Amino acid sequence: MVYAVEVANLVKRYRELVALDHFNLQIKEGEIFGLLGPNGSGKTTTINCILSLLSYDKGEIRVFGQEMRPDSYELRREIGVVMQNVAVFDELTVEENVDYFCGLYVSDKALRKTYVNEAIEFVGLQEFRKFRPKKLSGGLLRRLNIACGIAHKPKLIFFDEPTVAVDPQSRNKILEGIERLNQEGATVVYTSHYMEEVEQICTRIAIMDNGRNVAIGTVEELKRMIKNTEQITVEIIGLEPERRAELEALTHVYQVDYDGKLLKLSYAGGNHNLEALLDYLHGANLCYGSVHSELPTLNDVFLEITGKGLRD
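Residues numbered from 1 in each chain as written. Predicted model: local features only at pLDDT ≥ 70, side-chain atom pairs only at ≥ 80, totals over all residues. Heavy atoms only, no water.

Undergrad: Mind showing me how you'd approach the overall build of the chain here?
TA: Looking only at helices and strands, the chain features 11 helices and 14 strands. With 312 residues in all, the chain has 46% of them scored as buried. The long-range share in the chain, meaning contacts at least 24 apart out of those at least 6 apart in sequence, stands at 66%. Of the side chains in the chain, 36 bear a positive and 46 a negative charge, and the two mean positions are spaced by 8 Å. (Helix = DSSP H or I, 4+ residues; strand = E, 2+ residues; numbered from the N terminus. Buried < 20%, exposed > 50% of the residue type's maximum accessible area, 1.4 Å probe, protein only. Contact = heavy atoms within 4.5 Å. Lys, Arg positive; Asp, Glu negative; His and termini not counted. Charge placed at Lys NZ, Arg CZ, Asp CG, Glu CD.)

Undergrad: Before we go on, may I ask you to explain the sheet that holds strand S11 (residues 230-235) in this structure?
TA: Strand pairs in the sheet, formed through backbone hydrogen bonds, run parallel or antiparallel to each other. Spatially, S12-S13-S11-S14 is the arrangement adopted by the four strands of the open sheet, whose pairing is antiparallel. One side of each edge strand has no neighbouring strand; the edge strands of this open sheet are strand S12 (253-258) and strand S14 (291-294). Adjacent strand axes in the sheet meet at a mean angle of 15°, parallel and antiparallel pairs treated alike. Direction of pairing for S11 relative to strand S13 (residues 262-267): antiparallel, over a ladder of six bridges. Bridged to Glu230 within S13 is Tyr267. Sheet strands in contact with helix H9 (residues 241-248) are S12 and S13, and its direction is about 155° off that of S12. Along the sheet, helix H10 (residues 273-283) makes contact with S11, S13 and S14, crossing S11 at roughly 30°. (Pairing = 2+ DSSP bridges. Axes fitted to C-alpha atoms, helices over the stretch in contact; angles between N-to-C directions.)

Undergrad: I keep staring at helix H1 (residues 43-50) and nothing clicks. Help me out?
TA: Owing to its 3.6 residues per turn, the α-helix brings residues three or four apart onto one side. For H1, a buried count of six out of eight residues is recorded, marking the element as mostly surrounded by other parts of the structure. For H1, every residue scored as buried is listed here: Lys43, Thr45, Thr46, Ile47, Cys49 and Ile50. Phi turns positive one or two residues past the end of H1, at Ser52, with a value near 60°.

Undergrad: Please clarify how the environment of Leu263 should be interpreted in this entry.
TA: Looking at where Leu263 falls in the secondary structure, it is placed in strand S13. Setting aside residues up to four positions removed in sequence, Leu263 forms contacts with Ile232, Thr233, Val234, Ile236, Leu239, Leu247, Val256, Asp257 and Tyr258.

Undergrad: Would you take a moment to explain the sheet that holds strand S5 (residues 66-67) for this structure?
TA: Pairing is antiparallel in the open sheet, where four strands are placed in the order S2-S1-S4-S5. With partners counted over all chains shown, the strands left at the sheet margins are strand S2 (17-28) and S5, one partner each.

Undergrad: Honestly, the packing of aromatic side chains in this entry has me stumped. Any pointers?
TA: Each aromatic ring pair is described using two quantities: the centre-to-centre distance and the angle formed by the ring planes. Across all of its chains, the model carries four aromatic pairs by this definition. Summarising the aromatic geometry, the rings of Phe89 and Phe101 are spaced 5.9 Å apart at their centres and angled 20° between planes, so their arrangement reads as stacked. Of the two residues, Phe89 is situated in the loop between strand S6 (79-82) and helix H3 (94-103) and Phe101 in helix H3; the sequence distance between them amounts to 12 residues. Looking at Phe89, the relative accessible area reads 33%, which means it is partly exposed. Here Phe101 falls in the buried class, since its relative accessible area comes to 18%. Each ring, one from Phe128 and one from Phe131, has its centre 5.3 Å from the other, and the planes form 80°; the classification is edge-to-face. Relative accessible area serves as the criterion here: at 32%, Phe131 is assigned to the partly exposed category. Here a set of aromatic residues connected by ring pairs shows up, and it is made of Phe89, Tyr100 and Phe101. Here the guanidinium or amino end of Lys153 rests over the ring plane of Tyr115, the centre of that ring lying 5.1 Å away. The aromatic ring of Tyr194 is capped on one face by Arg171, whose charged end is 4.1 Å from the ring centroid. (Phe/Tyr/Trp six-rings, centres within 6.5 Å; stacked < 30°, edge-to-face > 60°. Lys NZ or Arg CZ within 6 Å of the ring centre and 35° of its normal.)

Undergrad: In this structure, what is going on with the packing of helix H5 (residues 138-150) against helix H6 (residues 168-183)? I would like to understand it.
TA: To describe two helices that pack against each other, one gives the angle between their axes and the distance between the axes. Here H5 crosses H6 at 15°, and the two axes come no closer than 9 Å. Relative to H6, the element H5 is oriented roughly parallel. Judged by the sense of rotation from one axis to the other, the crossing of H5 with H6 is right-handed. Here H5 contributes Gly139, Arg142, Arg143, Ile146 and Ile150 to the contact with H6, which in turn contributes Ser170, Lys173, Ile174 and Leu181. Residues of the contact of H5 with H6, tallied by class, amount to four nonpolar, two polar and three charged. (Parallel < 35°, antiparallel > 145°, perpendicular 65-115°, else oblique. Left-handed = near helix turned anticlockwise from the far one by under 90°. Nonpolar A, V, L, I, M, F, W, Y, C, P; charged D, E, K, R; others polar.)

Undergrad: Hey, could you run me through unusual backbone geometry in this one?
TA: Excluding glycine, residues mostly have negative phi values, and the peptide bonds linking residues are mostly trans. Of note, the phi angle at Arg15 is positive, near 55°, even though the residue is not glycine. By secondary structure assignment, the location of Arg15 is in the loop between strand S1 (3-14) and S2. The phi dihedral of His22 is positive, around 50°, even though this residue is not glycine. Secondary-structure assignment places His22 in strand S2.

In structure tokens form, the structure reads like this:
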């Protein structure tokens, strides 16, 4: 198989700090691949090394089967980058900005004009093509940033936090655009602090920590890696201490928390936990209010695997 990105045994040091510690990664062509990790985990360093913007001490990086080097100009034509910080020229209009960045890769003027028009239409900026960036809202500015990064029709696109500080409508538009790019054949590498976005659009996800790849798989595969498979919350008042011991003895329960009002049971495995709990409550003649069952989220997976919040 020819991978869109292959990273093998990558090591990057900043003096005594090891930013990447024999890091390995394979991204298949046609994926929307999520790259997650707390601040300082090595995500940005990894991306910069893949793009050959940063030298490294050891390892190998291949893009579409070819070694990636600073002078790999033909490979660079196949790559698009949309970074978190908007990078456009204030002096140029929307159309002029997209044309400038497209012109870095496409010299044919007629073809470039077609590409520019298609990129502007793709992000929905037709009505703003003569506007300068300062007149655009935050969401429209993000869309312009995306148009500049994809206008030359790259086969591999890196999106770094593309929806930060945008309104819900623009966020949905951006996510729909990323999925559409993928459907049209682009491989996407996506980083975000918004777990629900990653869970929504990514086909596979890698979780980084301390410069290493600590977990990789689909959302469902990652969820199966952690102990917590379900949490059930019950409104109940006056639960006697001996009842807690009985609850802890229920099949698949590994943790019981009770604050006098809410009873929380954490489960490891099992397919009929809610049914078994309700049978117990009825059999014990316990009065209770609402009952809520919640399956683990990607955020739960992240916290259990890394022990950190994503914004640490």
